[in-house]
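Coordinates in review
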Amino acid sequence: MELWQLTISEAHKLLVKGDISSVELTKAVLERISQVEELVKAFITVAEDIALEEAKAADERLKRKENVTILTGIPIAVKDNICTKGILTTAGSRILHNFKPPYDATVVERLKVAGAVIIGKTNLDEFAMGSSTENSGFFPTRNPWDLTRVPGGSSGGSAAAVSAGECLGALGSDTGGSIRQPAAFCGVVGLKPTYGVVSRYGLIAFASSLDQIGPITKDVMDCAIMLQFIAGHDTKDSTSINMAVPNYLDALVPDVRGLRIGIPKEFFAQGVDERVADAVLKGIELLTEMGAEAVEVSTPTAEYALAAYYIIAPAEASSNLARYDGVQYGYRCEPTPNDIVAMYSRVRKEGFGREVKHRIMLGTYALSAGYYEAFYLRAQKVRTLIRRDFERAFEACDVLITPTSPTVAFKLGEKVDDPLQMKLSDVCTIPVNMAGLPGISIPCGFQDGMPIGMQIIGRLLDEPTVLRVAYAYEQASGLRNLQPPLKTAAV
Amino acid sequence: MRLSREDVLHVAWLARLELDDAEVERFTWELNQILEHMEKLKELDVTDVEPTSHVIPITNVFREDEVEKPLPREEVLANAPDATEDAFRVPRIVEES
């Protein structure tokens, strides 16, 4: 086994035993990047020099056995909408093509304190708006399992990088499925924590009431490890929950006896590929063979989540993206018009891509005088109904299991001109963000060589049960640390 | 058609977004199409339903108003596309009297 194929927990054991150094591990990952990056294109920035410095510092810690954590010396990739001090942070947008943040996001600060090595910044749909990473302002990323297919999105770069062995774990962000859907498409594990568990300070805001940062990893144990380090209250994010962080690793018990699994029938309805639905139902069967109980539940308003999401998310985005005006940072048009409003409008015309403009227009309209009640307020009331649906469902069960996305990864270009089709790819994940619940995607099989994702949804703050079910399934199915048949570039 | 070309231009002005003719045409079509799709939300009865703005009920979060060290001015200005030694430079906003 090559070093870049290791999981975080495996690499940690070798690092503390002194069998390998962080510099060796980091170099192996950088070498892997140089071999496959031309094909996968997961990174906007590879921070080679900084990573090697951090690896040396980690080796010092390991040598002195001081402040060693499970993440010390582990190469981690970070989605490029999460601020990294002094390292280019573009959010996948031309309007931030040269932005180097003067501060670290809280999650990055916490990874650094733990001794992790930040290996680079991964590609995404511009401002995380999209489901395929084709909306990146720079270039599309490809799926390591089939280079003609998308990696999903918007955290497509992070999922592809983890899958291709270009990092040991990664951070993504999830507003409507942007961690879970790419994790499903790339055959890796992706967790969207409960809203408020992870600080959003330093995450470039898309839709503030839905955005949440989470880990993308090669197996469930690594997912719990990364969550342990990024979770917790932060005074810099007033929406972060002030609570004691549970020990997520303690939840990794391969025992689901007596646990009730809810199957929300609406999530298996039309539009979901039968083979995907079958694989997920087989996954549930495996869990019931292990002693869990399956119950059918109903979430009748979930089908309205997509429509409500496409009011709420663009409305919040249109407000959040007002700050990009070419004054304090980012792109400025040349020549600069003499009138300041003309300058703002030109900067935004030239700096934003098509999908971002579409959502700014939609959101501005939905919030404008006379339409606010009809659209935004109504959507927020529908959101309440969706929450209640989940609350009712959770009276009869402990977790819900659904497909992560209705299909496996689609072809590059296949849906780029059909925004409604593209959005349907998030139909199973969006309701979870609307209700703020924790959701994980784990691999549960293959269709024509492409991974299928199974989504496990938990009650608010019940990441431990979500992780336990995911871990139990993973142990029984053996579907972990999957290696895509990626041919390296011919030399 | 819910939105006219003029409505689209008004929204673009509110959003401080310059559009060319092709974009005006495209957004008029796209926004009308998507708003039609949103009509679906009217199927649900939301009478007496409280809106959810955040899933975790957090109201005012207070802290002591303590002065902390700000970022150094050079760092603040380092990302500016156009700046003097101590200010962001923009087109003239105030008329000379």
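Residues numbered from 1 in each chain as written. Chains lettered and ligands numbered in written order. Predicted model: local features only at pLDDT ≥ 70, side-chain atom pairs only at ≥ 80, totals over all residues. Heavy atoms only, no water.

As for the overall build of chain B
- Along the backbone of chain B there are three helices and zero strands.
- Mapped in sequence order, the helices and strands of chain B form the string α-α-α.
- By the compact-globule yardstick of 13 Å for 97 residues, chain B is too spread out, its C-alpha radius of gyration being 23 Å.
- The principal-axis extent of the C-alpha atoms belonging to chain B is close to 55 × 45 × 30 Å.
- For chain B, the residues scored as buried account for 29% of the 97 residues in total. (Helix = DSSP H or I, 4+ residues; strand = E, 2+ residues; numbered from the N terminus. Rg over C-alpha atoms; globule rule 2.2 N^0.38 Å. Buried < 20%, exposed > 50% of the residue type's maximum accessible area, 1.4 Å probe, protein only.)

Examining the packing of aromatic side chains
- Tallied over the full model, the rule gives twelve aromatic pairs over all chains.
- On the numbers, 4.8 Å between centres and 75 degrees between planes, the contact of Y309 of chain A with Y310 of chain A is edge-to-face.
- Note on Y310 of chain A: relative accessible area 4%, which makes it buried.
- Relative to Y376 of chain A, the ring of Y372 of chain A lies with its centre 5.7 Å away and its plane at 40 degrees, an arrangement referred to as tilted.
- Among the aromatic residues, those joined into a ring-pair cluster are F99, F127, Y324, Y329 and F352 of chain A.
- Across from the ring centre of W13 of chain B, 4.6 Å away, lies the NZ or CZ of R16 of chain B, which sits over that ring.
- Stacked on the ring of Y304 of chain A, the Lys or Arg K40 of chain B has its end atom at 4.7 Å from the ring centre. (Phe/Tyr/Trp six-rings, centres within 6.5 Å; stacked < 30°, edge-to-face > 60°. Lys NZ or Arg CZ within 6 Å of the ring centre and 35° of its normal.)

Topic: the nonpolar core
All names here are of chain A.
- Within the largest apolar cluster, 179 residues are counted, with the highest numbers of intra-cluster contacts made by F127, I440 and I456.
- Looking at this core, you find at least three residues from each of domain 1 (3-261 + 396-477) and domain 2 (304-381).
- In this view, I456 contacts V399, L400, I401, P438, G439, I440, I442, V466, V469 and A470; residues no more than four positions away in its chain are not counted. (Core = buried A, V, L, I, M, F, W, Y, C linked by side-chain atoms within 4.5 Å. Domains from an automatic or database assignment. Contact = heavy atoms within 4.5 Å.)

So, helix 1 (residues 8-17) of chain A
All names here are of chain A.
- For helix 1, every residue scored as buried is listed here: I8, S9, A11, H12 and L15. Taken around the axis of helix 1, the buried residues stretch over an arc of 155 degrees, which confines them to a single face. Turned more than 90 degrees away from the buried face of helix 1 sit K13 and K17, all of them exposed.
- Taken together, the buried residues of helix 1 touch helix 2 (22-40), helix 3 (48-64), strand 2 (75-79), strand 4 (169-174) and helix 7 (220-230). (Arc of directions from axis to C-beta.)

A closer look at the confidence of the model for chain B
- Averaged over chain B, the pLDDT score is 91; the fraction of residues at 70 or greater is 99%.
- Across the interfaces of the predicted complex, the ipTM metric reaches 0.95, alongside a pTM of 0.97. (pLDDT = per-residue confidence, 0-100.)

Some details on the environment of V90 of chain B
- Inspection of the secondary structure assignment puts V90 of chain B in the segment after helix 3 (73-77).
- Classification of V90 of chain B by relative accessible area gives partly exposed; the value is 29%.
- Separated by 72 residues in the primary sequence, V90 of chain B and E18 of chain B place their C-alpha atoms 18 Å from one another.
- When sequence neighbours within four positions are dropped, the list of residues in contact with V90 of chain B reads V327, R332 and I340 of chain A.

With respect to the side chain of S199 of chain A
All names here are of chain A.
- Note that S199 resides in the loop between strand 5 (189-192) and strand 6 (212-217).
- A distance of 3.0 Å separates a polar side-chain atom of S199 from the backbone nitrogen of Y201.
- Engagement of the side chain of S199 in a polar contact is seen with the side chain of D234, the distance being 2.6 Å.
- Leave out the neighbours within four places in its chain, and S199 touches T106, V107, I213, G232, D234 and D237. (Polar contact = N/O pair within 3.5 Å; in protein donor to acceptor, adjacent residues only side chain to side chain.)

Describing the domain arrangement of chain A
Residue and element names in this part refer to chain A.
- Domains assigned within chain A are domain 1 (3-261 + 396-477) and domain 2 (304-381).
- Inter-centroid distance (C-alpha atoms) of domain 1 to domain 2 is 27 Å.
- Listed by partner, the interface residues are 27 residues for domain 1 and 24 residues for domain 2.
- In total, about 2,300 Å² of surface goes out of reach between domain 1 and domain 2, with carbon and sulfur atoms giving 68% of it.
- Three residues stand out in domain 1 for area buried against domain 2, namely I95, M129 and K423, and they jointly supply 29% of the buried area on that side.
- Inspection of the domain 1/domain 2 interface yields one salt bridge. (Buried area = accessible area lost by both parts, 1.4 Å probe. Salt bridge = Lys/Arg side-chain N within 4 Å of Asp/Glu carboxyl O.)

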